Structure formats: C-alpha cells, structure tokens
Amino acid sequence: EKGRNVPGDKMVTMNFDDVDIKVMVKFISELTGKNFVVDDKVKGKVTIISPTKITVNEAFKVFESVLEVKGYTTVPAGKIIKIVPSRTARHRDVETRTGRDLTAVKGEDKVITQLVPLEFADAGEIKKLFTPLVSKESNIAAYRATNTLILTDMSSNIRRLIKIIKDIDIAGSAEKTTVIPLEYASA
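Residues numbered from 1 in each chain as written. Predicted model: local features only at pLDDT ≥ 70, side-chain atom pairs only at ≥ 80, totals over all residues. Heavy atoms only, no water.

*Asks:* Sorry, what's going on with the confidence of the model for the protein here?
*Replies:* In low-pLDDT segments, the atomic positions of the prediction should not be examined closely. Taken residue by residue, the protein gives an average pLDDT of 84. The fraction at 70 or more is 89%. The low-confidence segment residues 1–5, where pLDDT is below 50, has zero contacts with residues more than four positions distant or belonging to other chains. (pLDDT = per-residue confidence, 0-100. Contact = heavy atoms within 4.5 Å.)

*Asks:* Can you help me understand the sheet that holds strand β9 (residues 111–117) in this one?
*Replies:* Taken together, the four strands give an open sheet; going across it, the order is β8-β9-β11-β10, and neighbouring strands pair in mixed fashion. Edge positions in the open sheet fall to β8 (95–98) and β10 (139–143), since each of these has one partner strand only. Each strand axis lies, on average, 15 degrees off the axis of its neighbour in the sheet, ignoring direction. Inspection of the sheet shows β8 paired to β9 by four bridges, in the parallel sense. Its bridge partner being in β9, R97 is matched across the sheet by Q114. Each of β8, β9 and β11 (148–154) touches helix α5 (residues 155–168); the most contacted strand, β11, lies at about 145 degrees to it. (Pairing = 2+ DSSP bridges. Helix = DSSP H or I, 4+ residues; strand = E, 2+ residues; numbered from the N terminus. Axes fitted to C-alpha atoms, helices over the stretch in contact; angles between N-to-C directions.)

*Asks:* Before we go on, may I ask you to explain a positive patch on the surface in this structure?
*Replies:* A grouping of K22, K41, K43 and R87 is seen on the molecular surface, where their side chains present a positively charged patch. With respect to the element layout, R87 can be found in helix α3 (residues 86–89). (Patch = residues over 30% accessible without salt bridge, like charges linked within 9 Å, V, L, I, M, F, W, Y side chains within 5 Å. Areas by Shrake-Rupley, 256 points an atom, 1.4 Å probe, with all protein chains shown as cover. Salt bridge = Lys/Arg side-chain N within 4 Å of Asp/Glu carboxyl O. Lys, Arg positive; Asp, Glu negative; His and termini not counted. Charge placed at Lys NZ, Arg CZ, Asp CG, Glu CD.)

Shown next, in the form of structure tokens:
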C-alpha cells in the first residue's frame, strides 16, 4: 500500500564509540531481523558516527563496510549470515555470478566470485594486468578454455575491475604491443 513503511525504509541513527564489534552485530541483527553466526576470530572495537538518520538498508551497508575495514565479511548460508575473516571467505561458499553487466554487480563490501567472459582480450594477459589491482587475499584465475576471468574479491572492487575490462576488452586488444625505446628522437 502507498504510504506504508517498509522495514528497510525505517530511519535510524548509528552512533558507536569504541564498542565491541559483537555489540554492533547484535544491534544490526535486532534492527534487520537477520540471524548472524560470528566466527571466533571476529574481534575488535568499532566507532561509527552518524549525525543524520539513515534507512535500515543503508545501516546494513554501513555495517558491511565496517566489517570490510576490519578485515571481515558476510557470507550468506541459508537463513543465517556468517561473519568471517575476509581471507577465509574466499574459500567458502560465496555467491557466484556470471557476466559483465555493471547493474548486476553492486558496490557492496562483501566477497563474491564473478565469472567474466572476455571477447577479445586474452584472459591470461588480463590476469597479469589485474594482479596488482587486488589485495593479497583476493583471487584471480584465468580459464583459458573459455577465455574467462574468475575473480573472487569484494563486490565493490569487482565492479571497478569490470569497468576496466569494458574499456580494454575491445577488438584489437589481443594484438601484442611492443615498447621501443627511442635513443635520439622525441616520442
């Protein structure tokens, strides 16, 4: 019905001053109605200052961002959400997506695996290009049989990499480029 408040649109303020991360998890759980299982390795204090009211959906995004800053992420598992160290999440059952449609890849701070088929560029070459652009905990694989890049990283970083792929995966990109240093002439 029009005018009816949707739970995700409810407005809240988030002010945490050096509180245990598990206090924030409890707050988000009560706010969203989501069930969390927290890995024993998830520890630390958090500070969030939100002078203006935000929606419950925005609060959950802030929550995921705080987890990412602290080195943790969320991994959905049925009706619960696991909170685990980011480096171990890459080896768990993370959401897997296929394609290069940016509208389908949200700029979230959660780990996903994205299969990106390439049209012109070589997956092995793109893997070499992208390796310095991701963290040590991220994973990039080139599956040459189908010329597909397999990226496991934060959704927000995968979104950035897909933008780069769209710019470099063009006709002629598979051709080799040679750099020739000039001795006397100006480039």
